[in-house]
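# Chains, contacts and geometry: an overview
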Amino acid sequence: MQQNSTSPYAIELNDLRKTYKASKKAPEIQALKGINLAIEKGSMVALLGPNGAGKSTLINILAGLVIKTSGTAKIWDYSIDTETRMSKSAIGIVPQELNLDAFFTPERLLDIQAGLYGVPKAERRTAELLEVVGLSKQAKLTARSLSGGMRRRLMVAKAMVHNPPVLVLDEPTAGVDVELRRALWDYVKELNRRGTTILLTTHYLEEAEELCDRIAIINGGQLVADEPKDTLLKRLDSKELLITVDKDMTDAPTTLQQYHCSLKGSRQLCLRYPPSRVTAGQVMDAVQKAGFTIIDISSREADLEDIFLQLTKRAA
Ligand code: ADP
Ligand code: MG
């Protein structure tokens, strides 16, 4: 499957929209308001957003469980509308809800799933998959007797039976205890290392931070951020000082370039610095050395939580 496509993207969404029609119980809801998102092959991307943001709607459209209202979606360069079979075989989805048939054994469940995807018996990797998700010992127990974390891992294995190049996990660790969460993270990382493109949704910042190299943030059905994690995190180690000085200026003094100095008003400077390496005192010293007397000062700090809140507030 990898050779068939020349597109650099594993998933491509263009102006994707979903409106849930009004019902007796609820008014019409615009769950997705025109999402444009391109996920590179081989990458590991987190789709972050609060409850109700539209994450599951987006995932379920890819899974073929929700019918989009408009826009286009491609998986591995296959249109979900016109190349449905190919697009489906390119993706494995671990849905948010645990929907395992409790009376089958993990072994049997994986076998049934492989059958559904038309994987020939000789190519099935049931034992291997159970091994990687740490369920070899449970292979012949009924799913009913598995813990929540084990079921979640079984769902991951189930999504992988047809060896798709793209794996999508919707809130993979919701309700999974800390220890198992780590094991699941390690496994997902390993899959990515071996070449699988991963998209996961989460409302845990920590999870996005730990796992992903790119973070997209969705809120109220709109994409409010989409950038490499490092860029987003750089904003973390960043503080701003607003310093009012005694002289009028028309340009920010070049001597303060080191602190990304910009002019906020004719007498107000905005300076940015990494608090892990620089103190506010050093920044103020530099301002005084540049020939200014400091009249007033205020500071502002951003962390990922803040960035997230800022971005999600704006769109709400
Ligand atoms: P998330 O996964 O980010 O929590 P969802 O995609 O589940 O968000 O939900 C987005 C919005 O769409 C919410 O307002 C939710 O109530 C609504 N919604 C989700 N599924 C349905 C549905 N089947 N019918 C009507 N509204 C829905
Ligand atoms: Mg959801």
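Above this note sits the structure.
Structure report, in brief. (Residues numbered from 1 in each chain as written. Chains lettered and ligands numbered in written order. Predicted model: local features only at pLDDT ≥ 70, side-chain atom pairs only at ≥ 80, totals over all residues. Heavy atoms only, no water.)

### Some thoughts on helix 6 (residues 178–193)
- With 16 residues, helix 6 extends 22 Å from end C-alpha to end C-alpha; this agrees with the ideal 22 Å at 1.5 Å per step.
- Of the residues making up helix 6, those classed as buried are Leu180, Arg181, Leu184, Trp185, Tyr187, Val188, Leu191 and Asn192. Buried residues of helix 6 fall within an arc of 165° about the axis and therefore sit on the same side. Turned more than 90 degrees away from the buried face of helix 6, the exposed residues are Val178, Glu179 and Arg193. (Helix = DSSP H or I, 4+ residues; strand = E, 2+ residues; numbered from the N terminus. Expected span 1.5 Å × (residues − 1). Buried < 20%, exposed > 50% of the residue type's maximum accessible area, 1.4 Å probe, protein only. Arc of directions from axis to C-beta.)

### Examining the sheet that holds strand 1 (residues 9–20)
- What the four strands build is an open sheet, ordered 2-1-4-5; its pairing is antiparallel. Two strands bound the open sheet, and with one partner strand each, they are strand 2 (29–40) and strand 5 (78–79).
- Sitting on the sheet, helix 1 (residues 55–62) is in contact with strand 1, strand 2 and strand 4 (70–75), with an inclination near 115° to strand 1. (Pairing = 2+ DSSP bridges. Contact = heavy atoms within 4.5 Å. Axes fitted to C-alpha atoms, helices over the stretch in contact; angles between N-to-C directions.)

### What about the coordination of the magnesium ion (ligand 2)?
- Bound to the magnesium ion (ligand 2) on the protein side are Ser56 (OG) and Gln96 (OE1), at distances that span 2.1 to 2.2 Å. Taken as a pair, serine 56 in helix 1 and glutamine 96 in the loop between strand 6 (91–94) and helix 3 (106–116) lie far apart in primary sequence, 40 residues in all.
- On the accessibility criterion, serine 56 (22% relative accessible area) is partly exposed.
- The class of glutamine 96 is partly exposed, set by a relative accessible area of 29%. (Donors = N, O, S within 2.8 Å, 3.2 Å for Na, K, Ca; no water.)

### Some details on the site of ligand 1
- The environment of ligand 1 is formed by Tyr20, Ile29, Ala31, Pro50, Asn51, Gly52, Ala53, Gly54, Lys55, Ser56 and Thr57.
- Glycine 52 places a main-chain nitrogen or oxygen 2.7 Å from an oxygen atom of ligand 1.
- Here an oxygen atom of ligand 1 and a backbone polar atom of glycine 54 are 3.0 Å apart.
- For ligand 1, whose free accessible area comes to 560 Å², the fraction covered by protein is 61%.
- For the shell around ligand 1, the elements supplying multiple residues, two or more each, are strand 2 and helix 1.
- In terms of residue count, the dominant contributor to the shell around ligand 1 is helix 1 (three residues).
- Tallied by class, residues from the shell around ligand 1 come to five nonpolar, five polar and one charged. (Near = heavy atom within 4 Å. Polar contact = N/O pair within 3.5 Å; in protein donor to acceptor, adjacent residues only side chain to side chain. Areas by Shrake-Rupley, 256 points an atom, 1.4 Å probe, with all protein chains shown as cover. Nonpolar A, V, L, I, M, F, W, Y, C, P; charged D, E, K, R; others polar.)

### A look at a nonpolar patch on the surface
- On the surface, Ile112, Leu116 and Tyr117 cluster together into a nonpolar patch covering about 280 Å² of accessible area.
- When its relative accessible area of 67% is taken as the criterion, leucine 116 is described as exposed. (Patch = residues over 30% accessible without salt bridge, like charges linked within 9 Å, V, L, I, M, F, W, Y side chains within 5 Å. Salt bridge = Lys/Arg side-chain N within 4 Å of Asp/Glu carboxyl O.)

### As for the packing of aromatic side chains
- A complete count under the given rule lists zero aromatic pairs for this structure.
- One Lys or Arg, lysine 41, reaches over the ring of tryptophan 76 and ends 4.5 Å from the middle of that ring. (Phe/Tyr/Trp six-rings, centres within 6.5 Å; stacked < 30°, edge-to-face > 60°. Lys NZ or Arg CZ within 6 Å of the ring centre and 35° of its normal.)

### With respect to helix 1
- Within helix 1, seven of the eight residues are buried, leaving the element largely enclosed by the surrounding structure.
- For helix 1, the complete set of buried residues consists of Lys55, Thr57, Leu58, Ile59, Asn60, Ile61 and Leu62.
- One or two positions beyond helix 1, positive phi appears at glycine 64, with a value near 80°.

Worth remembering: the numbers are spatial, not functional.
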